[in-house]
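Tertiary structure, described
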4 protein chains.
Amino acid sequence: MTAPLNVAILGASGYTGSELVRLLLRHPRVAIRALTADRKAGQSMADVFPQFYGLDLPKLVTIAEVDLDAVDLVFCALPHGTTQTVIADLFARKPSLKVVDLSADFRLQDPAAYAEWYGHAHQALKLQEEAAFGLVELNREAIRAARLVANPGCHSTTSILPLVPLLRAGQIDPDGIVVVSATGMSGAGRAAKEEMLFSEVSEGTHAYGVGRHRHTAELDQEFDRAAGKPARATFTPLLLPQNRGIYATITVTLAGGATAEDLHATLAKTYGGEPFVSVLPFGRAPQSRHVRGSNRVQLGVAPDRRPDRAIVLSTLDNLVKGASGQAVQNMNLVAGFDETEGLGQLALFP
Amino acid sequence: MTAPLNVAILGASGYTGSELVRLLLRHPRVAIRALTADRKAGQSMADVFPQFYGLDLPKLVTIAEVDLDAVDLVFCALPHGTTQTVIADLFARKPSLKVVDLSADFRLQDPAAYAEWYGHAHQALKLQEEAAFGLVELNREAIRAARLVANPGCHSTTSILPLVPLLRAGQIDPDGIVVVSATGMSGAGRAAKEEMLFSEVSEGTHAYGVGRHRHTAELDQEFDRAAGKPARATFTPLLLPQNRGIYATITVTLAGGATAEDLHATLAKTYGGEPFVSVLPFGRAPQSRHVRGSNRVQLGVAPDRRPDRAIVLSTLDNLVKGASGQAVQNMNLVAGFDETEGLGQLALFP
Amino acid sequence: MTAPLNVAILGASGYTGSELVRLLLRHPRVAIRALTADRKAGQSMADVFPQFYGLDLPKLVTIAEVDLDAVDLVFCALPHGTTQTVIADLFARKPSLKVVDLSADFRLQDPAAYAEWYGHAHQALKLQEEAAFGLVELNREAIRAARLVANPGCHSTTSILPLVPLLRAGQIDPDGIVVVSATGMSGAGRAAKEEMLFSEVSEGTHAYGVGRHRHTAELDQEFDRAAGKPARATFTPLLLPQNRGIYATITVTLAGGATAEDLHATLAKTYGGEPFVSVLPFGRAPQSRHVRGSNRVQLGVAPDRRPDRAIVLSTLDNLVKGASGQAVQNMNLVAGFDETEGLGQLALFP
Amino acid sequence: MTAPLNVAILGASGYTGSELVRLLLRHPRVAIRALTADRKAGQSMADVFPQFYGLDLPKLVTIAEVDLDAVDLVFCALPHGTTQTVIADLFARKPSLKVVDLSADFRLQDPAAYAEWYGHAHQALKLQEEAAFGLVELNREAIRAARLVANPGCHSTTSILPLVPLLRAGQIDPDGIVVVSATGMSGAGRAAKEEMLFSEVSEGTHAYGVGRHRHTAELDQEFDRAAGKPARATFTPLLLPQNRGIYATITVTLAGGATAEDLHATLAKTYGGEPFVSVLPFGRAPQSRHVRGSNRVQLGVAPDRRPDRAIVLSTLDNLVKGASGQAVQNMNLVAGFDETEGLGQLALFP
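Because the structure is a prediction, the values reported are computed rather than measured.

Rules used throughout
Residues numbered from 1 in each chain as written. Chains lettered and ligands numbered in written order. Predicted model: local features only at pLDDT ≥ 70, side-chain atom pairs only at ≥ 80, totals over all residues. Heavy atoms only, no water. Contact = heavy atoms within 4.5 Å. Buried area = accessible area lost by both parts, 1.4 Å probe. Salt bridge = Lys/Arg side-chain N within 4 Å of Asp/Glu carboxyl O. Polar contact = N/O pair within 3.5 Å; in protein donor to acceptor, adjacent residues only side chain to side chain. Helix = DSSP H or I, 4+ residues; strand = E, 2+ residues; numbered from the N terminus. UniProt positions renumbered as here; feature names shortened; annotations may be inferred. Pairing = 2+ DSSP bridges. Axes fitted to C-alpha atoms, helices over the stretch in contact; angles between N-to-C directions. Least-squares fit on C-alpha atoms with pLDDT ≥ 70 in both. Right-handed = clockwise from strand over helix to strand, strands pointing away. Left-handed = near helix turned anticlockwise from the far one by under 90°. Nonpolar A, V, L, I, M, F, W, Y, C, P; charged D, E, K, R; others polar. Buried < 20%, exposed > 50% of the residue type's maximum accessible area, 1.4 Å probe, protein only. Domains from an automatic or database assignment.

**Topic: the interface of chain C and chain D**
Counting residues at the interface gives 48 residues for chain C and 48 residues for chain D. Summed over both partners, the interface of chain C with chain D comes to about 4000 Å²; 49% of that surface belongs to carbon and sulfur atoms. Considering only the surface of chain C that becomes buried against chain D, Glu 203, Arg 289 and Arg 305 of chain C emerge as the three largest contributors, covering 19% of it. The interface formed by chain C and chain D holds 6 salt bridges in total.

Pasting the structure below:
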């Protein structure tokens, strides 16, 4: 057996961090060498996430304490904004390092778009240019060659996967896309905020970030590229009273004479060989619970009663394919492993 | 004190039936004279709904056992389809009766539309013509004069209330409406079906009836009338893991030079004096939990980053303003009571 | 019509505060004159609790800003510990004031017990002696005469109501009581803490404060009095993934030759005339959802397969009968109103 | 590589059936040869459980259609009562078969106890005598040698695991055990019943089967054996508004001079080398969400404020260690595999 890939997880006390630990502990070719959590440094991972009681894991340390010599690849699960300087510093210390970044910092390739959506100039422009957009099914070759992979947003992955093939095929109008993307609470992270309390979130639903959610910028970037012209979707996120799952209800205007059946055929053909994408039979609606805990995406296409529109439905687990699972998938590509390694776990339903 | 209005509730063993009992037991001018539930006839209401232990209520009987002489007004909370013959029979027995019907049977005024959406000819065409559409805020005068009121659907009420004023004002394009209407489970009723089990519904979300939900026909009827021309919205319902609450995320295309702010102003003006409709400050998103258990609707308008579109958000409790609360509001009008009587209960949050 | 009772609510930005507002806004004999929330002073109540949009309420102010001359009765919904000095100060400013305190500060009448369970000496010993324990069904006369009422804890109310009559009757062994009291999250308040986040609480259950929850002291006080000797129950609280509802599963050892049926008879007799307590038929288990949002308690008694034990079940809504509803009930007694005034609202189920 | 173990799952359309499929599809030494579901025969597994879209699985057939020649081991996930004749018939057709039964039919070894708790004489007395009680950690050697393993009940596993070592050690009084065992809904199965609807179960809690739940008989059998004399616990099950997880709150009376710390030491020692049982640090309460989806049990011991009692807490996932996971663990023993094979999946939290 060959030596394992040695990884560190920066930001292990959040949900994407713990989800990386869950997946990597069972990955046959990986060894977890370091876990960081600045404010909880010194604690054991089992103190912070009791599901890990009885498992062998490194103690939580600060980023400064990580011995980069012992690490081949770093997962960054840190807040947006600070990540770019942390990663620039990592590469300065060890240029041969591989990094999979789960923050938003390197997803937008256009510095102007970054500045517009994030309100400040990017602090690591060269790395921004270098980073590969880590939506595996659409960008596999670039990811394989990359030193830095920008794991896409959870809402973004959910909508980009079904829409890019349809835009490329000219089957939908780039100007007629309406996305309502409903997400479970775990996507909001583990910071203690009043609006995230159980009593504020359970037994109810609401829209948030209406008209200005930052994942919209990722849609723009990928939709423009696929359509070959500006494609400005309307994107409204909802918050659901559930832990996991993103569910995108996408209304599209048909183009080029395509029917809803044609859209279905395009998606079925595009993703027919993909290990993590299932296209359901025409007319059938996926359910977020049927991908819970797995790295799988389920897609559906249904006709509208209006012949000029169709409904595209897409669902995934925001912490797996929408974050840590896709990050492991990216790691597998970067490290030259089989892409599905360590990601075989099936959905937990009910 | 004057004599109370004597009412019967047909179909008291379902959730809209029990919700009528909850509201009417505390209504100062109503006496509940009869409760029916064909399959549970003979049981007490507290056996079927234990929240009523210790309260004085008539036993459940069959419809045939109801003494119409002792009843002034009947609430029909029966399944779609059979209701039309039940009500025709009631009026045959007692023409002076008043009826508030919570089923879909009398909502569509066009016999052709009914036949198209429900798959069979209407069995009580004269009554269909006579029935008033019971969306109170938009049809008050007709309801006051009616003998038969067709309580609108829960999804329908949620979307018609915000969109009709905007269509009337010519501020939105009748051809550019996309509704995603998410509902809690109680709207599906109390019939024992596998897909309604807790384990099938909790911790997940999915679309249902995509492209063909029957409430669409109610939208068509009211939108056409308001727009003065065909207005065919795309309507996709979602099922949420919560008991109560409908949340409509409505993407509209602006028309006539209107801005999102203009839409907000129109709604604020239209509903400024309404006791049960609140228009939130511009840009603010309502939450379904903030209307739970009350007869209130909360509306919001927010700008999209696309200047030609806006987001309209609407929420209500599907069992109250979406069903039994609005039915009581209709009863109040029909009986000449103050419209808010018995409906003062505020939202239960958390 | 006589002048309304003028009330102030100190601590209106928490859940017991908003629940007081919900109930008092519909109370026919009360006017809300002041609402305080030190950290949110200056905001409107609708900013803090959007369910109140469109309703007429005073702005949030600091406690210092409240004009006591305009107030007859104060509800204190402030944190434990600080409350005692706040109330002492209120009485110093206006001795004729009435106060219903929802904190734990005045519930324990024995200064030593207070010091033991709360870790410091009481700061207002005279008031502690003066305060009436506000468990209405068991202490009505003392409450009517009181200037200061200590509203009991939510867990305490749930267990004291069924057990005190049984202890008084000598039908259960004071030394053989085991209480497992499961509560919804709203009882934990609205402070932003990691362990109260939706993702930390939903889809799971756990015990907390095992062997040392402070409500145990209230059980001791009332059980000792009822038994006429020390009665030390074992009390374990659980946290449930639901907003509202306490559900106590109480295992008792029978005494004095009593059977489970005898226990049921005692409770049925004790509470037969009570407006807010229902004793279900023998053997029937109550459900917390059937009292949600109401001021009602449902009690059940069932036999164990061991003839020397029985199971007593008790449930209430922790924010209503377990806090704000009982506080209004106490206010009604203090003010000389009908005890049920403003508390007629029935349970919201589903 | 050696030939895989060929298995059939009888009753694949229920939750324990789908959970077996989830686990066995990823088991490196097993091939699923047949899936039965009498009423859904002819459908694909993905029609019945859409989480399996895109995976290669046999179609659902009737039991009669299963080719036993191609099968080494059968999992029985059928209803109680009918299972005993089904299994007797299987052994009649193929005596060399191995069977892991998830029903209650072979758990009680005493025919009189079976008749008492299930209301009729056992129909396969010889097999009843032959069956091994499949609580792995306590009965490993017998299971390894068995042809028929009776997988224990979910509630039973949760309470037997912590209590048997304590009874054996004489550290707790066999006459002083009170168990309150709260379970998620998935334990109730997938049959469509009114009381299992989302709206009947969410946002609330209640006791069921009080004083007479059949898992009590399994406790009696194992506790008697461990204590060497009759040990009659009081056992009250609660139903929680969550999918998965059993949480037992066990109040024990200390014996033989033992303290709560001693109990903790006994459990830590007993289970120190077990791959699926974690004993948390003294005083720490486990949470059901921290074992969700895994085969793990978490145990806790905390002192009561009464020196003669202690609180033992035990939690597991009712569908995994409480049913299908333990069934796979039993299969591993019967087949001579490593006991942990295919059961490595960690808990899904949040």
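**Focus on the interface of chain A and chain B**
With 48 residues of chain A in contact, the opposing surface of chain B contributes 48 residues. At the boundary of chain A with chain B, total buried surface from both sides reaches about 4100 Å², with 49% on carbon and sulfur atoms. The largest share of the area that chain A buries against chain B comes from Glu 203, Arg 289 and Arg 305 of chain A, three residues that together contribute 18% of it. Connecting chain A to chain B are 6 salt bridges. With a closest N to O distance of 3.1 Å, Asp 175 of chain B and Arg 306 of chain A form a salt bridge. Where chain A touches chain B, the interface holds 38 residue pairs in polar contact (both at pLDDT 80 or more). Of all elements in the fold, only strand S8 (172-183), helix H8 (198-201), strand S9 (206-207), helix H9 (215-227), strand S10 (234-239), strand S11 (246-254), strand S13 (297-303) and strand S14 (309-316) of chain A reach the threshold of two or more residues within the side of chain A that touches chain B. Top element by residues in the side of chain A that touches chain B is S8 of chain A. It accounts for 5 residues.

**A closer look at the UniProt feature "domain: Semialdehyde dehydrogenase NAD-binding" (unreviewed entry) in chain A**
UniProt marks residues 6-146 of chain A with the feature "domain: Semialdehyde dehydrogenase NAD-binding" (unreviewed entry), using the numbering shown here. A distance of 17 Å separates the end C-alpha atoms of residues 6-146 of chain A, which is 34% helix and 17% strand.

**With respect to the sheet that holds strand S6 (residues 132-133) of chain B**
Residue and element names in this part refer to chain B. With parallel pairing, 7 strands are arranged side by side in an open sheet as S3-S2-S1-S4-S5-S7-S6. In this open sheet, the two strands that pair with only one neighbour each are strand S3 (60-61) and S6. Sheet strands in contact with helix H1 (residues 15-24) are strand S1 (5-10), strand S2 (30-36) and strand S4 (73-76), and its direction is about 160° off that of S1.

**Examining the relation of the copies chain A and chain B**
For the pair chain A and chain B, the superposition axis carries a translation of 0.0 Å, the fit reaches an RMSD of 0.0 Å, and the rotation angle comes to 180°. The transformation relating the two chain copies, once decomposed into turn and shift, fits a two-fold axis. Proximity to the rotation axis, assessed at the C-alpha, singles out Pro 241 of chain A in chain A; its C-alpha lies 3.3 Å from the axis. Looking at the interface residues of chain A, 100% of them are also at the interface in chain B, so both copies use one shared face.

**Thoughts on the pairing of strand S5 (residues 98-101) of chain D**
Residue and element names in this part refer to chain D. The pairing of strand S4 (residues 73-76) with S5 spans 4 bridges and is classified as parallel. Residue Val 74 lies in a different strand from S5, and its bridge partner there is Val 99. After leaving S4, the chain enters helix H3 (residues 83-93) and then returns to the sheet as S5, a path that is right-handed. For S5 and strand S7 (residues 148-150), the ladder comprises 3 bridges, and the chain directions are parallel. What sits directly across from Val 100, in S7, is Val 149.

**Description of the sheet that holds strand S11 (residues 246-254) of chain D**
All names here are of chain D. As summarised here, the arrangement of the 7 strands in space is S9-S10-S8-S11-S14-S13-S12, forming an open sheet in which the pairing is mixed. Every other strand in the sheet has two partners, leaving strand S9 (206-207) and strand S12 (277-279) as the edge strands with one partner each. Relative to strand S13 (residues 297-303), S12 is paired through 3 bridges, and the arrangement is parallel. Each bridged residue has a counterpart across the sheet, and for Val 277 the counterpart in S13 is Val 297.

**Digging into the packing of helix H6 (residues 136-144) of chain C against helix H11 (residues 320-335) of chain C**
Residues and elements named next belong to chain C. The N-to-C vectors of H6 and H11 enclose an angle of 40°; their axes lie 10 Å apart at closest approach. Pair H6 / H11 crosses with right-handed handedness. On the side of H6, the interface is formed by Val 136, Glu 137, Arg 140, Ile 143 and Arg 144, while H11 contributes Lys 321, Gln 326, Gln 329, Asn 330, Leu 333 and Val 334. By residue class, the composition of the contact of H6 with H11 is 4 nonpolar, 3 polar and 4 charged.

**Structural notes on the UniProt feature "active site" (unreviewed entry) in chain A**
Residue and element names in this part refer to chain A. What UniProt calls "active site" (unreviewed entry) maps, in this numbering, to Cys 154. Take Cys 154: it is sitting in helix H7 (residues 154-168). The exposure class of Cys 154 is buried, given its relative accessible area of 14%. When sequence neighbours within four positions are dropped, the list of residues in contact with Cys 154 reads His 215, Ile 246, Leu 316, Asn 318 and Gly 322.

**What to know about unusual backbone geometry**
All names here are of chain A. With an omega of 0°, the peptide bond between Phe 349 and Pro 350 qualifies as cis. Considering the arrangement of structural elements, one finds Pro 350 in the segment after helix H11 (320-335). The phi angle at Glu 203 is positive, at roughly 50°, despite the residue not being glycine. Structurally, the position occupied by Glu 203 is in the loop between H8 and S9.

**Examining the pattern of salt bridges**
Scanning all chains against the criterion turns up 81 salt bridges over all chains. A salt bridge links Arg 284 of chain D to Asp 47 of chain A, with the shortest nitrogen-to-oxygen separation between them at 3.8 Å. Note that Arg 284 of chain D is positioned in the loop between S12 and S13 and Asp 47 of chain A in helix H2 (residues 45-48), a pairing that runs across two chains. The exposure class of Asp 47 of chain A is partly exposed, given its relative accessible area of 34%. When salt bridges with common partners are traced through the structure, they connect Glu 19, Arg 22, Arg 244 and Asp 317 of chain A into a single cluster.

**Quick word on the domain arrangement of chain A**
All names here are of chain A. Assigned domains of chain A: these are domain 1 (5-152 + 321-335) and domain 2 (155-318). Here domain 1 and domain 2 have C-alpha centroids that lie 25 Å from each other. Listed as interface residues are 25 residues of domain 1 and, on the opposing side, 32 residues of domain 2. Area buried by domain 1 at its contact with domain 2 is led by Trp 117, Leu 138 and Lys 321, which between them contribute 30% of it. At the surface where domain 1 touches domain 2, the tally comes to 3 salt bridges.

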